[in-house]
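# Summary of the model geometry
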Amino acid sequence: MATPDSLALFTGLGLSENKARETLKNAALSTQLREAATQAQQTLGSTIDKATGTLLYGLASRLRDTRRLSFLVGYIANKKIHTELQLSAALEYVRSHPLDPIDTKDFEQECGVGVVVTPEQIEEAVEATINRHRPQLLVERYRFSMGLLMGEARAALRWADGKMIKNEVDMQVLHLLGPKMEADLEKKPKVAKARLEETDRKTAKDVVENGMGGFVLAGENYKTPGYVTTPHTMDLLKQHLEITGGQVRTRFPPEPNGILHIGHAKAINFNFGYAKANNGICFLRFDDTNPEKEEAKFFTAIYDMVTWLGYTPYKVTYASDYFDQLYAWAVELIRRGQAYVCHQRGEELKGHNPLPSPWRDRPIEESLLLFEAMRKGKFAEGEATLRMKLVMEDGKMDPVAYRVKYTPHHRTGDKWCIYPTYDYTHCLCDSIEHITHSLCTKEFQARRSSYFWLCNALDVYCPVQWEYGRLNLHYAVVSKRKILQLVAAGAVRDWDDPRLFTLTALRRRGFPPEAINNFCARVGVTVAQTTMEPHLLEACVRDVLNDTAPRAMAVLEPLQVVITNFPAPKPLDIRVPNFPADETKGFHQVPFASTVFIERTDFKEESEPGYKRLAWGQPVGLRHTGYVIELQHVVRGSSGCVECLEVTCRRADAGEKPKAFIHWVSQPLVCEIRLYERLFQHKNPEDPVEVPGGFLSDLNPASLQVIKGALVDCSVALAKPFDKFQFERLGYFSVDPDSHQGQVVFNRTVTLKEDPGKV
């Protein structure tokens, strides 16, 4: 139970009350943090400021060698270590120098103690960096990668404050280039587009081989830094090559407990793209080891999204395909003294430094009997687990390999009441399928040691795991749990609500798969996590739709216009190009009658400076018709609102050219149009500092606008769900699956141009 004194001590370090209470549940962490805080207070003789408190918490939670606690606290309390960079360096130093005594001079040099980086040094380093890239900067201007300048300046000044470097880069670039001009806001000139397979998917190979580095050929796993070899390694690799013929093999292994999101698109592109670029194969393997959270709809949706993005799995497999083999290997692991049955409860295993299991050294025969009892259902859920004897990179000790779950499995039914964990299953499934390159996101780096350890402990082929940074987007949440909260709160309709960034939602909104693949290729594959602005994804969407979405005309807020001198006794057929920039792509016809409808915003009774559309004394052209209309009479309703305009028309070439041409519809279809904006108001809705009330408090009330009485020209009458159009002057739109006979529903995919009001 938390004592008031302990709570006050921890909250005095800057921890929230919830964080302090959570810390107190972990006996080892709270003891170490209490010692650190007490010593720091004695040294300072006063209260501890928040910055120091944050460093002390970081020290207590990450320090493994408790003998060094007092030594490091002294440096923090005396402000000799005052940044996270220095603390990380200090922790790494004491980890790699376990023997006494510590060489303080060497320690201080390696950890930047006493190093003062002056503004003048930052200025000089940034200036030198900019001078190295000056010719390219002058050509590319603000399109040049400022991150490159930041990275080089930071490399020159290891202990400098990152914010100061950024400010200096911004200032010197502004001094060199001057303020941004209109041309700086334009996109880079387009290069000729080659086929996706030949460019963007090739990029995956280029980025991996040239950007991340360290990739080896199939069968040369032992050349990878950190790869663990045993006396059996070379024989196993020889057998592996005989089976694969040296072919590259990757896999995309999603959990079937939710819908894929934009981050998964990067993983799909990387795994399938790398295999394709190297004439290899890629498996789609469902990691179905947790029957409590898996549903049939998720399997179907995941497969659909992989194929929608343009990829065909070499084979669809399931972790459950290998349950018998995995169980047999677990028994063998126990026999080899590398695993044991444990009775610690789940809550005892949580936190930073859980106590070692008192059952770690139980006899092998006893663990074998107990594991068999687990399989036969003689233990309740949580009463027993099988744990592996190893310590992982993050300090986690003896990860769980099997746990008891009395939930029927969608494929194996009631055959099993014990199920393997990710830590146990993943590497062994990779081994069974002879995966050559196990590509995964950065958070799995802490599992690399268990990956190598387990394969080697069982003397089976050991693939190589490489980690890359996740792809995230601002103004979005992608967590399955949080999306379910949004659905439950009525903020979105379901997983495929077009305001979300799940792949099903993006498809429903009208995002082409090519655009998502292009976006992933542009982001590239890096070790660092990448958080991108949504407008960069939208720009890729416009690039694709500009070439693929045929034009149509639609009016969102109709105003009736009657042409009193219409030049024909019946409607005219107007020939409209599907793509005005390339008339070889064909035409469609729309009727042009004496009654047309225009956007209400395309008319003003009193013209204003800069206004070029219809007004008294200011004619306007009707796109594609070759006619100009001029206002003659305004018809008002009983409320005084403008209900109709009466106009006359003339041929466009029979007089002065109008200032503008507007879109219109005649004999139109009535449709529903849904306009989408960002679902959240802040860039990081999950950040408690940016959004103290939580992400549900950050919902944008104007994220969806439904227009019931919109009008669209009849050229879209036969459109099917997911068909895409550019509505002239309005944006790109896609037919929603809610459409039915006589009522087409359109989702606005993106506007024609990026909204300059968005930040």
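Predicted, not measured: the structure shown is a model, and the values here were computed from it. (Residues numbered from 1 in each chain as written. Predicted model: local features only at pLDDT ≥ 70, side-chain atom pairs only at ≥ 80, totals over all residues. Heavy atoms only, no water.)

## Regarding the overall build of the chain
In terms of helices and strands, the chain carries 23 helices and 26 strands. Reported as C-alpha extents along the three principal axes, the dimensions of the chain are approximately 100 × 65 × 55 Å. The buried share among the 759 residues of the chain stands at 49%. A separation threshold of at least 6 residues defines the contact pool for the chain, and within that pool the share at least 24 residues apart is 69%. Across the chain, the centroid of the 94 positively charged side chains sits 2 Å from that of the 96 negatively charged ones. (Helix = DSSP H or I, 4+ residues; strand = E, 2+ residues; numbered from the N terminus. Buried < 20%, exposed > 50% of the residue type's maximum accessible area, 1.4 Å probe, protein only. Contact = heavy atoms within 4.5 Å. Lys, Arg positive; Asp, Glu negative; His and termini not counted. Charge placed at Lys NZ, Arg CZ, Asp CG, Glu CD.)

## Things to note about the pattern of salt bridges
Applying the stated criterion to the full structure yields 46 salt bridges. Between Asp100 and Arg67 there is a salt bridge; the shortest N-O distance is 3.0 Å. Here Asp100, found in the loop between α6 (84–96) and α7 (104–110), pairs with Arg67, found in the loop between α4 (50–62) and α5 (69–77); they are 33 residues apart in sequence, far enough to count as distant. The residue Glu332 makes a salt bridge to Arg335 at a minimum N-O spacing of 4.0 Å. Taken together, the residues Glu332 and Arg335, both in helix α16 (residues 323–335) and 3 residues apart, mark about one turn of the helix. (Salt bridge = Lys/Arg side-chain N within 4 Å of Asp/Glu carboxyl O.)

## Focus on the UniProt feature "domain: Glutaminyl-tRNA synthetase class Ib non-specific RNA-binding" (unreviewed entry) in the chain
Feature annotation in UniProt assigns "domain: Glutaminyl-tRNA synthetase class Ib non-specific RNA-binding" (unreviewed entry) to the following positions: residues 6–162 and 165–238. With 68% helix and 0% strand, the stretch residues 6–162 has end C-alpha atoms that lie 34 Å from each other. (UniProt positions renumbered as here; feature names shortened; annotations may be inferred.)

## Focus on the confidence of the model for the chain
Mean pLDDT for the chain: 89, with 94% of residues reaching 70 or above. This stretch, residues 190–213, has a pLDDT under 50; its non-local contacts, to residues over four places away or in other chains, come to 42 contacts. (pLDDT = per-residue confidence, 0-100.)

## Some details on the packing of α16 against helix α18 (residues 422–432)
For the pair α16 and α18, the least separation of the axes is 11 Å and the interaxial angle reads 115°. The angle between α16 and α18 falls in the class roughly perpendicular. Pair α16 / α18 crosses with right-handed handedness. Taken together, the residues of α18 that come into contact with α16 (itself represented by Gln325, Leu326, Trp329, Ala330 and Leu333) are Tyr424, Thr425, Leu428 and Ile432. Residue classes in the contact of α16 with α18 are distributed as 7 nonpolar, 2 polar and no charged. (Axes fitted to C-alpha atoms, helices over the stretch in contact; angles between N-to-C directions. Parallel < 35°, antiparallel > 145°, perpendicular 65-115°, else oblique. Left-handed = near helix turned anticlockwise from the far one by under 90°. Nonpolar A, V, L, I, M, F, W, Y, C, P; charged D, E, K, R; others polar.)

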